[in-house]
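Architecture and fold: a report
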Amino acid sequence: MSELVKKSQRVDPSMLVLFGATGDLSANYLLPAFYHLDASGFLPDDLKIVCVGRRDFNEQSYLDFIIEKSNFLEKLKKPKIKKYFLKHIVYYQGDFSNPDSFAGLTSVLFNLEKPTHKCYNRLYYFATSPEFFLSIAEMLEGAGLLKSCEVHNRTIRVLVEKPFGFDLKSAKKLNKLLLNYFTEDQIYRIDHYQGKETVQNLMVVRFANSIFEPLWSKDNIDHVEISVLEDETVGGRGKFYDRAGALRDMVQNHLLQMLALVLMDEPKELKTELIRDEKLKILKGLKLFSKKDCKTEVVRGQYGGYMKETGKQSVTETYVALKVFVDLPRWRGMPIYLRTGKALSKKVTEISIHFKEPSKCLFTHCASNIMTLRIQPDESVDLRINNKIPGFGVDLTQKKLQFGYKKEFEKDLPPAYERLLLDFIQGDQRLFIRSDEIEAAWKFVGSITDSWRDLPLSMYKKGSHGPEAAENLIKKDMREWWTGE
Ligand SMILES: NC(=O)c1ccc[n+]([C@@H]2O[C@H](COP(=O)([O-])OP(=O)(O)OC[C@H]3O[C@@H](n4cnc5c(N)ncnc54)[C@H](OP(=O)(O)O)[C@@H]3O)[C@@H](O)[C@H]2O)c1
């Protein structure tokens with residue numbers, strides 16, 4: 001049994017209360033993650049998940065509802081497997097704005113704890129729209145559910161879902177609200193990209209291999225690209241998405257967090273706050289956009305058919321590409337190109353580090369070395385190096401040194417939510433985002449949104465590479481988007 005399993009089974013007794021238990025997130029991500037963790041032996045045996053919903057269910061009918069709603073719970077249809085998993089599930093009917101619901105919840109938790117005479121950690125998962133956070137926190141406090149047992153050193157934690165704000169002002173308001181009820185070390189702000197195996201590998205590749213760190217600066221790297229390309233359209237998320245757009249939905253969180261991990265200095269130790277401090281330096285170092293920069297360094301696009309799909313006139317971007325800089329001595333002047341969009345020709349998330357060509361090359365065609373970190377799918381790390389083509393003369397070709405997860409490991413990679421849920425249960429905050437990181441990212445994004453309504457919206461065809469203007473954004477610097485081919 002691995003260290004991780006042993007640790008998960010050693011966790012202090014815990015109750016996890018899931019608010020929003022009948023929602024899409026719970027059905028498609030959270031319940032499947034709990035089930036897989038349990039099936040793999042990672043969920044503490046005595047962990048109860050108290051699922052709070054408005055509808056009239058018992059444990060059986062709730063789980064049947066979730067299995068029916070979910071795209072990922074086929075296995076739970078088998079009665080034996082379902083019965084085994086049901087031991088973790090408690091269903092509680094309640095409303096977020098009704099104090100009686102929370103008084104009832106207190107009794108449920110108390111009754112669950114009573115037979116064992118143990119005190120429990122209380123873990124609250126706010127899997128709801130942020131508009132309910134205040135009400136839930138207020139009600140929890142009113143019901144005495146934010147007090148933990150100090151004698152047994154039990155803790156209260158809260159996990160909150162994205163979106164974490166709409167802009168800097170709303171993010172600050174949300175942080176203030178949560179900090180009224182919880183301390184920073186109790187708040188777990190999720191960014192599910194942080195739970196992806198390959199994102200976690202970023203730090204390992206950089207800091208566990210002595211060959212990269214000495215080269216990791218503007219002196220040796222020409223530019224960095226981060227691409228999060230999706231082939232799906234907005235689908236059923238149209239209403240939410242139209243208010244947010246690609247910049248707020250993807251860049252503010254996932255892309256900027258990956259950027260911070262790629263560029264940050266090595267933390268002194270692998271401790272939560274030290275890692276967050278280093279990421280924060282990069283996020284704060286991002287050069288803010290002026291109105292003039294916005295015109296030349298940002299492209300917004302929308303795929304044809306988006307307005308028909310969402311049923312309204314809209315200038316919301318479903319694609320965004322931008323060139324950014326980090327104003328710190330190690331990175332000053334080195335461009336970082338970011339792009340993300342929907343309804344594109346392929347689904348891929350990739351970070352590529354483009355090293356400078358050798359300043360003096362003895363051979364013709366010395367291409368620059370490129371390191372690609374493929375986050376999804378076909379997770380891999382590869383480094384392109386120049387080699388001699390066998391035969392007479394000295395002709396060069398670039399080939400990959402590659403580490404592919406599928407080739408090297410038989411086991412499937414754990415989905416991001418499983419990893420993050422387990423960290424939440426175990427009280428490990430390393431992969432969650434601190435309030436100041438969120439605010440620094442919003443400040444940067446605000447410098448774009450402040451002036452970008454004047455920017456033209458470039459239309460692109462569904463299933464294409466995105467708008468022509470995004471190609472031109474990088475081409476004018478004599479570079480091209482990296483396609484990995
Ligand atoms: N869905 C995703 O894939 C996804 C991915 C990442 C982040 N998120 C974020 O996660 C959060 C939840 O998303 P979702 O898609 O699951 O939303 P959803 O499908 O609309 O679910 C909302 C949940 O809140 C419950 N609820 C609403 N008002 C309530 C009240 N007054 N009392 C008790 N329960 C109430 C709903 O109960 P009823 O069933 O009774 O209406 C439902 O369980 C959002 O912030 C979203 O942005 C979602």
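Residues numbered from 1 in each chain as written. Predicted model: local features only at pLDDT ≥ 70, side-chain atom pairs only at ≥ 80, totals over all residues. Heavy atoms only, no water.

As recorded by an unreviewed UniProt entry, the protein chain carries the name Glucose-6-phosphate 1-dehydrogenase. Regarding the protein chain, the relevant UniProt record gives this comment under Sequence similarities (unreviewed entry): "Belongs to the glucose-6-phosphate dehydrogenase family." The record in UniProt for the protein chain states the following under Pathway (unreviewed entry): "Carbohydrate degradation; pentose phosphate pathway; D-ribulose 5-phosphate from D-glucose 6-phosphate (oxidative stage): step 1/3." (UniProt positions renumbered as here; feature names shortened; annotations may be inferred.)

This part takes up the domain arrangement of the protein chain. Domain boundaries in the protein chain define domain 1 (3-161) and domain 2 (194-409 + 434-475). The straight-line distance from the C-alpha centre of domain 1 to that of domain 2 is 36 Å. (Domains from an automatic or database assignment.)

Next up on the list: the environment of S26. Take S26: it is sitting in helix 2 (residues 24-39). Through-space distance from the C-alpha of S26 to that of E230 is 22 Å; in sequence the pair is 204 residues apart. (Helix = DSSP H or I, 4+ residues; strand = E, 2+ residues; numbered from the N terminus.)

Contacts to the ligand come from 20 residues, most closely from T22, L25, R54, R55 and F96. T128 is positioned such that a nitrogen or oxygen atom in its backbone is 3.1 Å from an oxygen atom of the ligand. At 3.1 Å from an oxygen atom of the ligand is found a main-chain nitrogen or oxygen belonging to K162. Here the ligand loses 76% of its free accessible area of 900 Å² to cover by the protein chains. Its residues assigned to classes, the shell around the ligand comprises eight nonpolar, six polar and six charged. (Near = heavy atom within 4 Å. Polar contact = N/O pair within 3.5 Å; in protein donor to acceptor, adjacent residues only side chain to side chain. Areas by Shrake-Rupley, 256 points an atom, 1.4 Å probe, with all protein chains shown as cover. Nonpolar A, V, L, I, M, F, W, Y, C, P; charged D, E, K, R; others polar.)

Here the focus is the side chain of T198. As for its placement among the helices and strands, T198 is situated in helix 8 (residues 197-207). Judged by relative accessible area, T198 falls into the buried class, the value being 5%. Engagement of the side chain of T198 in a polar contact is seen with the backbone oxygen of I375, the distance being 2.8 Å. (Buried < 20%, exposed > 50% of the residue type's maximum accessible area, 1.4 Å probe, protein only.)

Here we have nine strands laid out as an open sheet, ordered 14-13-12-11-7-10-9-8-15, and mixed in their pairing. Among the strands making up the open sheet, the edge pair consists of strand 14 (396-404) and strand 15 (457-460). The sheet shows a mean angle of 20° between the axes of neighbouring strands, direction not considered. Pairing geometry for strand 7 (residues 221-229) and strand 11 (residues 348-355), over eight bridges, is antiparallel. Paired with H223 across the strands is H354, a residue of strand 11. The strands touched by helix 16 (residues 468-475) within the sheet are strand 7, strand 8 (298-303), strand 9 (319-324), strand 10 (336-341) and strand 15, with strand 9 carrying the most contacts at an inclination of about 10°. (Pairing = 2+ DSSP bridges. Axes fitted to C-alpha atoms, helices over the stretch in contact; angles between N-to-C directions. Contact = heavy atoms within 4.5 Å.)

Turning our eyes to something else, we now look at the state of the cysteines. Within the structure shown, the criterion is met by one disulfide. With its sulfur 1.5 Å from that of its partner, C361 forms a disulfide with C366. When its relative accessible area of 30% is taken as the criterion, C361 is described as partly exposed. (Disulfide = S-S within 2.5 Å.)

Turning next to the sheet that holds strand 6 (residues 187-189). Through backbone hydrogen bonds, the strands of a sheet pair up, either in parallel or in antiparallel fashion. Spatial ordering of the open sheet is given by 3-2-1-4-5-6, a layout of six strands whose pairing is parallel. Each of the sheet's edge strands pairs with one partner strand only, and the pair in question is strand 3 (89-93) and strand 6. Averaged over all adjacent pairs, the angle separating strand axes in this sheet is 20°, with direction ignored. Here strand 1 (residues 14-19) pairs with strand 4 (residues 121-126) via six bridges, running parallel. Looking at strand 4, one finds that L16 is bridged to L123. Of the strands in this sheet, strand 1, strand 2 (48-53), strand 3 and strand 4 are in contact with helix 2, which crosses strand 1 at around 165°. On the sheet, helix 3 (residues 59-69) packs against strand 2 and strand 3 and is oriented at approximately 95° with respect to strand 3.

Let us now look at empty space enclosed by the protein. Summed over all chains, the structure comprises three cavities of 30 Å³ or more. What lines the largest cavity is a set of 15 residues, among which F164, Q252, N253, I433 and I438 lie closest to the centre. Mapped by element, the contributors of at least two residues to the lining of the largest cavity are helix 9 (238-263) and helix 15 (435-449). Broken down by class, the residue content of the lining of the largest cavity amounts to seven nonpolar, three polar and five charged. (1 Å grid on protein atoms, 1.4 Å probe; cavity = no way out; pocket = protein on both sides within 12 Å on 5 of 7 lines; lining within 4 Å. Points joined across faces, edges and corners; volume = space filled by probe spheres on them.)

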